[in-house]
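# Fold and contact review
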Amino acid sequence: MRSMGRDVVVIGGGAAGASVFVQLVAAATSAEAREEVRTIAVVDPHQIGWGLAFGDDDPLLLCNSAVGINSLLPSRPDDFADYLRSAGWQGRREDCVERSRMAEYCHHRYLRARDRAAAHGIEVRHVRDLALAVEVVGEERYAVVSAGGGPVSATDVVVCTGVRTPRVPAGFDRYTHAPRFLESPYPASRVRALRDEHPAGARVLVVGSRQSAVDAALLLCRDGHRTVMTSPSGQLPAVRTSLGPPARARLPPLERIPRIDPDDPLLEWKVMRRAVEAVRSLGPRPLREQISTETDPERRLREEIALVDSDACQWEGVMVSLIETLIDFAPALPPGRLQRLLDENPWFTGRYATALTVVNARRLLGHFESGALTVAPGYPDEVAYEAGPGPGGLGGGWRVGWPDGTVERFDHVVSGTGFHPPVLHRERGSGTLHLAARPPVAAAEPVEWLGPRLRLVPERIWVCGVGTHVRIPFANHLRNVTRQASWVVDQLTGRGGGGGG
């Protein structure tokens, strides 16, 4: 181990943490580094790479983004594809693969970087524990407090914690501890376990209709359960090949977005107008011929699959560029304006930015056609869990009242309404940073601002990944996350440059 240098702690070992680690080792062992790194500790109870986003080994669960944009290294966009090809994969850059393949890739790159670090005298530790807080113990000295072990000392801390707290669907607040309520379809093993209780299949209500709910429905229908999806909108995401690499390196209409006055009262309209112009620039087909206006979920799904199959969805070639343009534009907007921009364009955030890969769309359609899956025409007016005779109320079921006055009974409810973004809290007086959604002390305030380089000034604490949502939209967009990791690493190693954010 080196006798002098920085002691870096990376909190979280999912894709964001893995990207920070891999890029940090590369930078610290290069001739460009002006700050020496002595130790790197990654604090995560799970195997590195196997976070919530990708760490599920059920083969039914796919990455929604394409192989071509899932590299951990912004300077090497084909690194994930190279890894897959080295293992015999023969797909295309726009294809989506099982999420477990992404987790395996993250872990492999972590191990390779760990070996490189050791060869250069940098000590690496994986602390298999859940980090709870970061205490300030002196000038540029921190102690990362974990759930089960002693504190981990650091001169620099990078917080890469992902989502942890599921959203509770409206009307289900009283029943989150009911024995037949799953607050999330992840890990998929919890959904698969329903087969043991109902070998012949159960009636299951899935609350939600976006990505998490689609995952839940696919898992349940595969296992023979009769599934009903419900959400306030009743709309499934749109369908595309994948969230793939941009169709063109430059799309002039999108390049004009940063020139819009952030205080322009027509900003929301102008941004989406530029997006429509960008779609038009990719081909002669009008946007109205690239989308379905059908209101019935099954018919709309069928029409949108047909549009993808006929190569009519030029709009998907704009999405990554549009997302990244909005990420770069967001810091210039006054407080609240970004949320207003997204709220006034729900069609974009609700259906198109989070569209389904066509592979999953075809799976859903097959379940619709078999009768295993339906989408309810409304959202429940009332719900009640009726406890069964078994210990703790096991063996009970759900009574669901619909807006038309009808009542249905379900064996289980699975929430697919997603997760709350992580909110960090800072303790007044001590400066301690609490990582839990509900800090254990009253004198802690949510962190609502990050510096332009994702630093919690004046400390040497940075945030990378989904936790940057307080400053950056689409904070879970992987290409954005890896770019954030690069900015943070530049600062940790004194490599210069850095970046905005």
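Quick look at the structure, then. Quick caveat, the model's predicted, so the values are computed rather than measured.

Let us look at the side chain of glutamine 484. Along the chain, glutamine 484 falls in helix α14 (residues 478-493). Given the relative accessible area of 0%, glutamine 484 is considered buried. At 3.1 Å, the side chain of glutamine 484 and the side chain of threonine 468 are in polar contact. Once you skip the residues sitting within four places of it in the chain, glutamine 484 turns out to touch Leu454, Cys464, Gly465, Thr468 and Ile472.

Taking 1.5 Å per residue as the helical rise, helix α8 (residues 267-280) with its 14 residues ought to reach 20 Å, and the 20 Å between its terminal C-alpha atoms agrees with that figure. Among the residues of α8, those classed as buried are Leu267, Glu268, Val271, Met272, Arg274, Ala275, Val276, Ala278 and Val279.

Residues tyrosine 186 and proline 187 are joined by a peptide bond in cis, for which omega reads -5°. Considering the arrangement of structural elements, one finds proline 187 in the loop between β8 (181-182) and α4 (188-192). Cis peptide bonds are those with omega within 30 degrees of zero, and the linkage from valine 457 to proline 458 qualifies with 10°. One non-glycine residue with positive phi stands out, namely glutamate 140, at about 55°. Structurally, glutamate 140 can be placed in the loop between β4 (131-138) and β5 (141-146). What makes glutamate 140 partly exposed here is its relative accessible area of 34%.

A separate point is the pattern of salt bridges. Inspection of every chain in the model, using the stated rule, returns 37 salt bridges. Residue arginine 92 is joined to glutamate 94 by a salt bridge in which the shortest nitrogen-to-oxygen separation is 3.3 Å. The partly exposed category is assigned to arginine 92, whose relative accessible area is 46%. Note on glutamate 94: relative accessible area 32%, which makes it partly exposed. Between arginine 250 and glutamate 255 there is a salt bridge, with its nearest N and O atoms 2.9 Å apart.

Taken as a whole, this structure holds ten aromatic pairs when the rule is applied. The interplanar angle of 55° and the centroid separation of 6.2 Å between the aromatic rings of phenylalanine 181 and tryptophan 398 together place this pair among those described as tilted. Of the two residues, phenylalanine 181 sits in strand β8 while tryptophan 398 sits in strand β15 (residues 397-401), which places them 217 residues apart along the sequence. Both residues of the pair, phenylalanine 181 and tryptophan 398, count as buried. An aromatic cluster is built from Phe172, Tyr175, Phe181, Tyr385 and Trp398, whose rings are joined through pairwise contacts. It is arginine 351 that lies over the ring of tyrosine 352; its NZ or CZ is 5.5 Å from the centre.

The subject of this paragraph is the packing of helix α1 (residues 15-28) against α14. Helix-helix packing: each pair is described by the crossing angle between the helix axes and the interaxial distance. At their nearest, the axes of α1 and α14 sit 9 Å apart, and the two run at 40° to each other. With respect to α14, the element α1 is oriented oblique. Helix-helix and strand crossings are classified by hand; for α1 and α14 the assignment is right-handed. From α1, Ala15, Ala16, Ser19, Val20, Gln23, Leu24, Ala27 and Ala28 reach across to α14, where they touch Leu478, Val481, Thr482, Ala485, Ser486, Val489, Leu492 and Thr493. Of the residues that constitute the contact of α1 with α14, the class distribution is eleven nonpolar, five polar and no charged.

Criteria and cut-off values
- Residues numbered from 1 in each chain as written.
- Predicted model: local features only at pLDDT ≥ 70, side-chain atom pairs only at ≥ 80, totals over all residues.
- Heavy atoms only, no water.
- Helix = DSSP H or I, 4+ residues; strand = E, 2+ residues; numbered from the N terminus.
- Buried < 20%, exposed > 50% of the residue type's maximum accessible area, 1.4 Å probe, protein only.
- Polar contact = N/O pair within 3.5 Å; in protein donor to acceptor, adjacent residues only side chain to side chain.
- Contact = heavy atoms within 4.5 Å.
- Expected span 1.5 Å × (residues − 1).
- Salt bridge = Lys/Arg side-chain N within 4 Å of Asp/Glu carboxyl O.
- Phe/Tyr/Trp six-rings, centres within 6.5 Å; stacked < 30°, edge-to-face > 60°.
- Lys NZ or Arg CZ within 6 Å of the ring centre and 35° of its normal.
- Axes fitted to C-alpha atoms, helices over the stretch in contact; angles between N-to-C directions.
- Parallel < 35°, antiparallel > 145°, perpendicular 65-115°, else oblique.
- Left-handed = near helix turned anticlockwise from the far one by under 90°.
- Nonpolar A, V, L, I, M, F, W, Y, C, P; charged D, E, K, R; others polar.

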